[in-house]
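# Overview (structure and organization)
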Amino acid sequence: MKTNVIASTSPDLKKNDLILVAGAGGFIGGSLVRRFHEQGFTNIRAVDKKPLPQWYQRVPGTEVLCMDLSENENAIRAVEGAVEVYNLAADMGGMGFIERFRVECLRSILINTHLLEAAYRAGTQRYFFSSSACAYNTTLQTDPNVVALKESDAYPAMAERGYGWEKLVSEMFCEEYYAERGMKTAIARFHNVYGPNGTWYGGREKAPAAISRKVIEAIDSGSGAIEIWGDGSQTRSFMYIDDCTFGIDQITHCEDLIATPINLGSAELVSINQLVSMVEDIAGVKLERHYKLDAPKGVAGRNSDNTFIKEVLDWEPSTTLRAGMEKTYNWIKSQYDDRKAGKRVVTEAPVALPG
Ligand code: NAD
Ligand code: GDD
């Protein structure tokens, strides 16, 4: 099996070809820009609606545009001259966000719809869409002892309300742009991605970052306790960010995967209780657990079936959760300490109810 080293992108892509990353101020988009920069690409356009101080990473030599890509004219401007387009822009977050803000999640369909059409008209050669495991049929995810989800399990469709349906319909757009118009699209269904330079507080954070922050807070405050959403028996697999950006690159440039949704996730299944124990171990602490049973829980269990990706790419995400969580915990701890010391850290606007 291939090792997870920096591989070259498309052999056809020249180092000065324009690459557009939408959602570049966010976690995965920012890491993808860094990856392309480190590979020697010199013409990267990074776009996000957030103001620059809220971007997790700002990569030197990158063209930066702050604009709302759900507006058609902005989408047209963003893709001007782009040889490849990567759509990582969405109004999203962990369970606390997607269960409360379904309208915002659904409205992300405007981003992909405009960006894809604009890219097609601009003659973009390859278009990547970041889908989600939330596109899968939820009736297959009612037991923590899961059968891992394979690509065909999205249909018959019963996606996660709001967010999952947006992903499923946007996938379909990408599939039809290839079927009807011949545009090369790529679609990856990410399973919960974590790592440094992502959301760790404010309401959008996912379990790995939230648990890390809560453990740090418990140590700092001396409370000796942690609040866990649900009863902790829920299961998930978590993919480290470097595996995610490597996988995006591979999937986008694989001719056998054009317009074909594919899982991009780890197959290392853990319960949330096991995740908490792992973080406690990394932090060197044991906390009293308080379970908040009415908190957002999402599905009871979810894992990635990696049969297809191994077959096509001879690779699967393989960073162990322990190794990835050590890096993530240490990064969040440094952010927490910096913020406490009054130093500047990336601050995302906390989520607030619309209205
Ligand atoms: P993120 O929230 O860190 O990044 C998304 C970025 O998109 C944000 O910076 C946001 O400001 C930007 N954005 C939102 N609306 C926009 C608009 N109208 N115009 C321009 N920019 C806009 O999230 P992420 O974790 O980096 O996720 C990236 C993509 O991957 C998203 O499509 C997400 O749905 C998908 N995904 C992520 C995960 C995960 O676990 N992180 C799992 C499944 C799918
Ligand atoms: N966020 C969060 N915060 N989750 C917690 C917490 C906490 O403090 N404590 C326990 N959990 C539990 C949640 O209740 C849920 O059952 C589980 O941890 C995982 O929650 P998240 O990480 O928030 O989300 P998810 O795995 O259900 O969904 C995420 O992954 C999808 C792809 O697999 C989301 O990020 C989706 O947006 C994404 O598409």
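See above for the structure.
Residues numbered from 1 in each chain as written. Chains lettered and ligands numbered in written order. Predicted model: local features only at pLDDT ≥ 70, side-chain atom pairs only at ≥ 80, totals over all residues. Heavy atoms only, no water.

The environment of ligand 1 is made up of 27 residues, and the closest members are Ile 28, Asp 48, Asp 68, Tyr 163 and Val 193. The separation between a nitrogen atom of ligand 1 and a polar main-chain atom of Leu 69 is 2.8 Å. Between Ala 90 and ligand 1, the recorded distance is 3.3 Å, taken from a backbone N or O atom to an oxygen atom. Relative to its free-state accessible area of 820 Å², ligand 1 is covered by the protein chains to the extent of 95%. The set of elements that each furnish at least two residues to the shell around ligand 1 consists of α1 (27–38), β5 (126–132) and α6 (163–181). Ranked by residues supplied to the shell around ligand 1, first place goes to β5 with three residues. (Near = heavy atom within 4 Å. Polar contact = N/O pair within 3.5 Å; in protein donor to acceptor, adjacent residues only side chain to side chain. Areas by Shrake-Rupley, 256 points an atom, 1.4 Å probe, with all protein chains shown as cover. Helix = DSSP H or I, 4+ residues; strand = E, 2+ residues; numbered from the N terminus.)

Our next topic: empty space enclosed by the protein. Tallied over the entire structure, the rule returns three cavities of 30 Å³ or more. In this structure, the largest cavity encloses a volume near 110 Å³. Contributing to the lining of the largest cavity are 14 residues, with Phe 27, Val 193, Tyr 194, Thr 199 and Ala 209 lying nearest its centre. Those elements that place two or more of their residues in the lining of the largest cavity are β7 (193–194), α7 (207–221) and α11 (321–340). Ranked by residues supplied to the lining of the largest cavity, first place goes to α11 with three residues. Class assignment of the residues belonging to the lining of the largest cavity gives a composition of seven nonpolar, four polar and three charged. Considered class by class, the residues forming the lining of the second largest cavity number six nonpolar, three polar and one charged. (1 Å grid on protein atoms, 1.4 Å probe; cavity = no way out; pocket = protein on both sides within 12 Å on 5 of 7 lines; lining within 4 Å. Points joined across faces, edges and corners; volume = space filled by probe spheres on them. Nonpolar A, V, L, I, M, F, W, Y, C, P; charged D, E, K, R; others polar.)

Next up on the list: the site of ligand 2. The immediate surroundings of ligand 2 are formed by 26 residues, with Met 95, Ser 132, Lys 214, Pro 296 and Lys 297 found nearest. Between ligand 2 and Ala 207, the relevant distance is 2.8 Å, taken from an oxygen atom to a main-chain nitrogen or oxygen of the residue. Protein burial of ligand 2: of its 710 Å² of free accessible surface, 98% is covered by the chains. Those elements that provide at least two residues to the shell around ligand 2 are α3 (95–98), α7 and β8 (225–229). When residues in the shell around ligand 2 are grouped by element, the largest group, four residues, is from α7.

Below, the discussion takes up the nonpolar core. With 61 residues, the main nonpolar core has Phe 190, Ile 248 and Leu 264 as its most contacted residues. Counting residues in each nonpolar core, the second largest holds 24 residues, with Leu 65, Val 85, Tyr 127 and Tyr 177 among its members. (Core = buried A, V, L, I, M, F, W, Y, C linked by side-chain atoms within 4.5 Å. Buried < 20%, exposed > 50% of the residue type's maximum accessible area, 1.4 Å probe, protein only.)

A few words on the sheet that holds strand β2 (residues 44–48). Taken together, seven strands build an open sheet; the order of strands is β3-β2-β1-β4-β5-β6-β11 and the sheet is parallel. Two strands close off the open sheet at either side, each with one partner strand: β3 (63–66) and β11 (262–264). The average angle at which neighbouring strand axes cross in this sheet is 20°, direction not considered. As paired strands, strand β1 (residues 19–22) and β2 are joined by four bridges and run parallel to one another. Residue pairing in the sheet places Val 21 in a bridge with Ala 46 of β2. The strands that helix α2 (residues 72–79) touches are β1, β2, β3 and β4 (84–87); relative to β2, the one it contacts most, it runs at about 160°. Of the strands in this sheet, β4, β5, β6 (184–190) and β11 are in contact with helix α8 (residues 241–252), which crosses β11 at around 155°. (Pairing = 2+ DSSP bridges. Axes fitted to C-alpha atoms, helices over the stretch in contact; angles between N-to-C directions. Contact = heavy atoms within 4.5 Å.)

This paragraph deals with the pairing of β4. The two faces of β4 match: Glu 84 and Tyr 86 on one face and Val 85 and Asn 87 on the other face are all buried. Where β1 meets β4, four bridges bridge the pair, whose relative direction is parallel. Bridging across to β4, Val 21 finds its partner in Tyr 86. The sheet contact formed by β4 and β5 spans four bridges and is parallel. Along β5, the bridge assignment pairs Glu 84 with Arg 126.

Once that is clear, we can look at the pattern of salt bridges. Using the criterion set out here, one finds 24 salt bridges in the structure. Across the pair Lys 150 and Asp 153 runs a salt bridge whose closest N-O atoms are separated by 3.3 Å. Take Asp 153: its relative accessible area is 14%, and that puts it in the buried class. For the salt bridge of Arg 189 with Glu 171, the shortest nitrogen-to-oxygen distance reads 2.8 Å. Of this pair, Arg 189 sits in strand β6 while Glu 171 sits in helix α6, and the two are 18 residues apart along the sequence. For the pair Arg 189 and Glu 171, one class covers both residues: buried. Bridged by salt links that share partners, the residues Arg 45, Glu 63, Arg 77 and Glu 80 form one connected network. (Salt bridge = Lys/Arg side-chain N within 4 Å of Asp/Glu carboxyl O.)

This next bit is on α11. For an α-helix the count is 3.6 residues per turn, leaving residues at separations of three or four pointing the same way. Between the first and last C-alpha of α11 there are 28 Å, a value that for 20 residues agrees with the 28 Å anticipated at 1.5 Å per step. Every buried residue belonging to α11 is among Leu 321, Gly 324, Met 325, Thr 328, Tyr 329, Trp 331, Ile 332, Gln 335 and Tyr 336, and all of these are buried. Buried-residue contacts for α11 involve β7, α7, β10 (239–240), β12 (269–271) and α9 (272–283). Following α11 by one or two positions, Gly 342 adopts a phi angle in the positive range, close to 85°. (Expected span 1.5 Å × (residues − 1).)

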